[in-house]
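Per-entry structural report
Okay, here's what each chain looks like letter by letter:
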Amino acid sequence: MDTTGELVNPIPRPRTGPFTVRTVPEGAQVVLFDNGKPNSMAILRRTQQLLRERGVDVKEDIRGKEFAGSPVDDQTLGMLAQERGLLLLGVHD
Amino acid sequence: MAGSGNLTGNHDVLADIERCFESGWSDGLPVVPPYRGLVDDMREAMGWPDGDEIVGAIDAQRLEITADHLAAAAVMSGCMPEYGRVLRPLSELLVDPEFNLSGVEVTTGGVAVMVIVSGPVVAELGFEHEANAVGGANCRVNATIGRYAQMVRLFCGRGGGVLPTHGTMGHPGRLSFLVAEHPDTEWGPFHTQLGLPAEASAVSIMASEGPNSVNNHYGSTAEPILDTIADCLGHSGFTNYYWHFGATIIVVGPAHAETIAATFSRDEARRYLFEHTLRTTDHLAALGRIPPEPREKSKVVPGTLRSPFDHEEQIHFLESGAPGGRFSAIVPGWVGNYFVMPKVID
């Protein structure tokens, strides 16, 4: 058995250029995103209602992905990246 | 987990095993250190001369999975180069975007990759297909190829080590999960249900929950055995009751297979299970097994009987296990992808 030389990394690393993440929202608005879990839309609608009762601006449109088990497609991800408010992404079951 | 680049090697194998642990290059058990020479031999056996060849990608994670990544995982899991003819098509299935490897890894469902091997390759490579065939067969080819599939899931499904997994329960198959079918079956090879020719050898994968045992020792005809399987499939906690999309594999033990096949074809048995695995939708909703606002895709109709399956083709039979006891097992698939995916082994 050849046990000399390098050990080969089995873990692929993301190949992506530099990108910027805004950690503080630029706009005073909450944007909700439905991850497709069974109760997530019901919970998000309730969240929307409660936040509005407390005077928080919440975007009416709740975008989502078709199915919880699938990744967000690039087009939707691109749209979300343009949001300037606080983005809340999905809730668990 | 953190990938930290290629490690420079030394001659102390035990120390290198520890270094793999420290680098996150482990599934929790000791690994064979992926020395360059071993990886090159394995990659050649898998049919990839170039280590930088991109075998698959996870676009959402911006990941490219190379032949070297896969060959390293095969070495680490303890595979032998002789398994390369199985590892190659298995690898191609694992990185197929349809399988959604990252989703399989991070889901709350805590699922594993179930690997199914069927056809002449079972005897050719000496897969255990009798004693403890569904898990814990203590046979190298079963254990290491099953482990390889989980390692690829683990190493490649977490976005390069940056995504957490959310598995709520998990199950032991997340370390290794491979079931080989008997070379001689009552109903024909497993892969013929997936459109492959009977004479082929095949490897198939399904993202799956843990197996459930089905015991029926005293039913002497097909119906009571199928009813028992249907009862196991139809318990109210069965994940698919709401989602409705996942596949399920029934691993039929040889005694049950002989009894059922005496009067039922495989299609008839599938139809029987589909028609006898039912609960009332309203009861499931009252239990909290269906959400208050169900999604249209799940086709929830109040006041009706509900199957956990949208259509009977979601049910598959696999003939495996030891003679003697009268057991079968069900393996529920993950609800996040819909298929058992097969590939021919050359």
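Relevant structure appears above.
Residues numbered from 1 in each chain as written. Chains lettered and ligands numbered in written order. Predicted model: local features only at pLDDT ≥ 70, side-chain atom pairs only at ≥ 80, totals over all residues. Heavy atoms only, no water.

**With respect to the overall build of chain B**
Test applied: Helix numbering and strand numbering both begin at the N terminus, where a helix is a DSSP run of H or I of at least 4 residues and a strand a DSSP run of E of at least 2. Here the globule rule reads 2.2 Å times residues to the power 0.38, and the radius of gyration is calculated from C-alpha atoms. Only protein chains enter the accessibility calculation, which uses a 1.4 Å probe; a residue whose area is less than 20% of its type maximum is buried, one above 50% is exposed, and one in between is partly exposed.
Assigned secondary structure in chain B consists of twelve helices and twelve strands. For chain B, the C-alpha radius of gyration of 21 Å lies close to 20 Å, the compact-globule estimate for 346 residues. Based on the C-alpha atoms only, the size of chain B along its principal axes is roughly 65 × 45 × 30 Å. Within chain B, buried positions represent 57% of all 346 residues.

**Observations concerning the overall build of chain A**
What counts, and what does not: Contacts are residue-level and defined by heavy atoms, with any inter-residue pair within 4.5 Å sufficient. Here the open area of atoms and residues is found with the Shrake-Rupley method and a 1.4 Å probe, where only the protein chains shown may cover a residue. Charged residues are defined narrowly, with Lys and Arg counted positive, Asp and Glu counted negative, and His plus the chain ends left uncounted. The location of each charge is read from NZ of Lys, CZ of Arg, CG of Asp or CD of Glu.
Looking only at helices and strands, chain A has two helices and three strands in total. Each helix (α) and strand (β) of chain A, taken in turn from the N terminus, gives the series β-α-β-α-β. For 93 residues, the compact-globule formula gives about 12 Å, and the C-alpha radius of gyration of chain A, at 19 Å, lies well above that figure. For the C-alpha atoms alone, the extent of chain A along its principal axes is close to 70 × 30 × 25 Å. Taking all 93 residues of chain A together, 30% fall into the buried category. Residue pairs at least 24 apart in sequence account for 73% of intrachain contacts in chain A once pairs closer than 6 positions are excluded. Of the accessible surface of chain A, which amounts to about 5800 Å², a share of 53% is contributed by carbon and sulfur atoms. A distance of 5 Å separates the average location of the 12 positive side-chain charges in chain A from that of its 13 negative side-chain charges.

**Some remarks on the interface of chain B and chain A**
Short version of the rule: Values labelled buried area give the accessible surface lost by two parts on being combined, using a 1.4 Å probe and summing over both. Throughout this description, the term salt bridge denotes a Lys or Arg side-chain nitrogen within 4 Å of a carboxyl oxygen of Asp or Glu. Definition of a polar contact: a pair of N or O atoms within 3.5 Å, with one able to donate and the other able to accept a hydrogen when the atoms are protein atoms, and with sequence-neighbouring residues admitted only if both atoms are side-chain atoms.
Each partner contributes residues to the interface: chain B has 54 residues there, and chain A has 33 residues. Summed over both partners, the interface of chain B with chain A buries about 3600 Å², with 59% contributed by carbon and sulfur atoms. A per-residue breakdown of the area chain B buries against chain A is headed by Arg 62, Trp 243 and Arg 295 of chain B, which together make up 18% of the total. The interface formed by chain B and chain A includes two salt bridges. A salt bridge links Arg 36 of chain B to Glu 6 of chain A, with the shortest nitrogen-to-oxygen separation between them at 3.0 Å. Between chain B and chain A we count seven residue pairs in polar contact (both at pLDDT 80 or more) in total.

**Considerations on the sheet that holds strand β10 (residues 315-319) of chain B**
Residue and element names in this part refer to chain B. How we decide: A strand pair is defined by DSSP finding two or more bridges across the two strands. Each axis is a line fitted through C-alpha atoms, and for a helix only the stretch in contact is used; angles between axes span 0 to 180 degrees, taken between their N-to-C directions.
Strand order in the open sheet made by the four strands is β6-β11-β7-β10, with mixed pairing throughout. The open sheet has two free edges, formed respectively by β6 (212-215) and β10, since each of these has just one partner strand. Along the sheet, successive strands turn relative to each other by an average axial angle of 25°, direction set aside. Here β6 pairs with strand β11 (residues 327-332) via four bridges, running antiparallel. Note that in β11 the partner of Asn 212 across the bridge is Ile 330. With respect to the sheet, helix α8 (residues 222-233) is in contact with β6, β7 (248-252) and β11, its orientation differing from that of β6 by roughly 150°. Sitting on the sheet, helix α10 (residues 254-261) is in contact with β6, β7, β10 and β11, with an inclination near 95° to β7.

**Regarding the sheet that holds strand β3 (residues 86-89) of chain A**
Residue and element names in this part refer to chain A. Read from one edge of the open sheet, three strands run β2-β1-β3, paired in parallel fashion. Edge strands, defined here as strands with exactly one partner in the open sheet, are β2 (63-64) and β3. Examined bridge by bridge, strand β1 (residues 30-34) and β3 share four bridges and lie parallel to one another. Within β3, the residue paired with Val 30 across the bridge is Leu 86.

**Observations concerning the layout of surface pockets**
To find leftover empty space, a probe the size of one water molecule is rolled over the atoms. Residue and element names in this part refer to chain B. Our working definition: The pocket and cavity definitions rest on a 1 Å grid over protein atoms only: a 1.4 Å probe that fits but cannot leave marks a cavity, an open set with protein on both sides within 12 Å along at least five of seven lines marks a pocket, and residues lining either have an atom within 4 Å of a point. Grid points are joined across faces, edges and corners, and a volume is the space filled by probe spheres set on the points. Note on residue classes: Ala, Val, Leu, Ile, Met, Phe, Trp, Tyr, Cys and Pro are nonpolar, Asp, Glu, Lys and Arg are charged, and everything else, Gly too, is polar.
The space that makes up the second largest pocket amounts to roughly 340 Å³. If you trace the second largest pocket, you find 21 residues lining it, with Asn 132, Val 134, Gly 321, Ala 322 and Phe 327 closest to the centre. In terms of residues, the lining of the second largest pocket owes the most to one element, β11, which gives three residues. Here the lining of the second largest pocket is built from residues that sort into eleven nonpolar, nine polar and one charged.

**Some words on the packing of aromatic side chains**
All names here are of chain B. So the rule is basically this: Geometry of aromatic contacts follows a simple scheme: Phe, Tyr and Trp rings, the Trp one being its six-membered ring, pair when their centres are within 6.5 Å, and the pair is stacked under 30 degrees between planes, edge-to-face over 60, tilted otherwise. In this analysis the charged atom, NZ for Lys or CZ for Arg, is taken to sit over a ring once it is within 6 Å of the ring centre and within 35 degrees of the ring normal.
Applying the stated criterion across every chain yields a total of four aromatic pairs over all chains. Ring centres 6.1 Å apart and planes at 65° place the aromatic pair Phe 238 and Phe 309 in the edge-to-face group. Here Phe 238, found in the loop between α8 and α9 (240-243), pairs with Phe 309, found in the loop between β9 (305-306) and β10; they are 71 residues apart in sequence, far enough to count as distant. Above the ring of Phe 245, the side-chain terminus of Lys 297 is found at 5.1 Å from the ring centroid.

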